[in-house]
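A look at the structure
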Amino acid sequence: MKKVAIITDNCISCGLCINMAENTFTWDDEGKSKVINSEVNDEIINISSLCPTGAIIITEEEK
Ligand code: SF4
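One structure accompanies this document, and this report is about it. (Residues numbered from 1 in each chain as written. Predicted model: local features only at pLDDT ≥ 70, side-chain atom pairs only at ≥ 80, totals over all residues. Heavy atoms only, no water.)

The next thing to look at is the pattern of salt bridges. By the definition in use, this model includes two salt bridges. Where K2 meets E60, a salt bridge forms, and the shortest distance between an N and an O atom there is 2.9 Å. Note that K2 is positioned in strand β1 (residues 2–6) and E60 in strand β4 (residues 56–60), a separation of 58 residues in sequence. Given the relative accessible area of 57%, E60 is considered exposed. Between E61 and K3 there is a salt bridge; the shortest N-O distance is 3.7 Å. Of this pair, E61 sits in the segment after β4 while K3 sits in strand β1, and the two are 58 residues apart along the sequence. Residue classification places K3 among the partly exposed residues on the basis of a relative accessible area of 26%. (Salt bridge = Lys/Arg side-chain N within 4 Å of Asp/Glu carboxyl O. Helix = DSSP H or I, 4+ residues; strand = E, 2+ residues; numbered from the N terminus. Buried < 20%, exposed > 50% of the residue type's maximum accessible area, 1.4 Å probe, protein only.)

Bear in mind that shape data such as this cannot, by itself, settle questions of function.
Encoded structure:
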């Protein structure tokens, strides 16, 4: 099963991912993006490729 995660140190708080998928990403207390729903679909894969710093990663997890 694929999961999405954020490398918080790499996030520059541009807001792109949160604007595009507010059900998956939201702001954390330090103004960085955090994942609220790690489910992956084609849109999330697309957004991960658009993050300017590559902070959004898709991982393959064993069930
Ligand atoms: S698109 Fe990338 S840099 Fe921008 S808020 Fe999301 S994780 Fe942070």
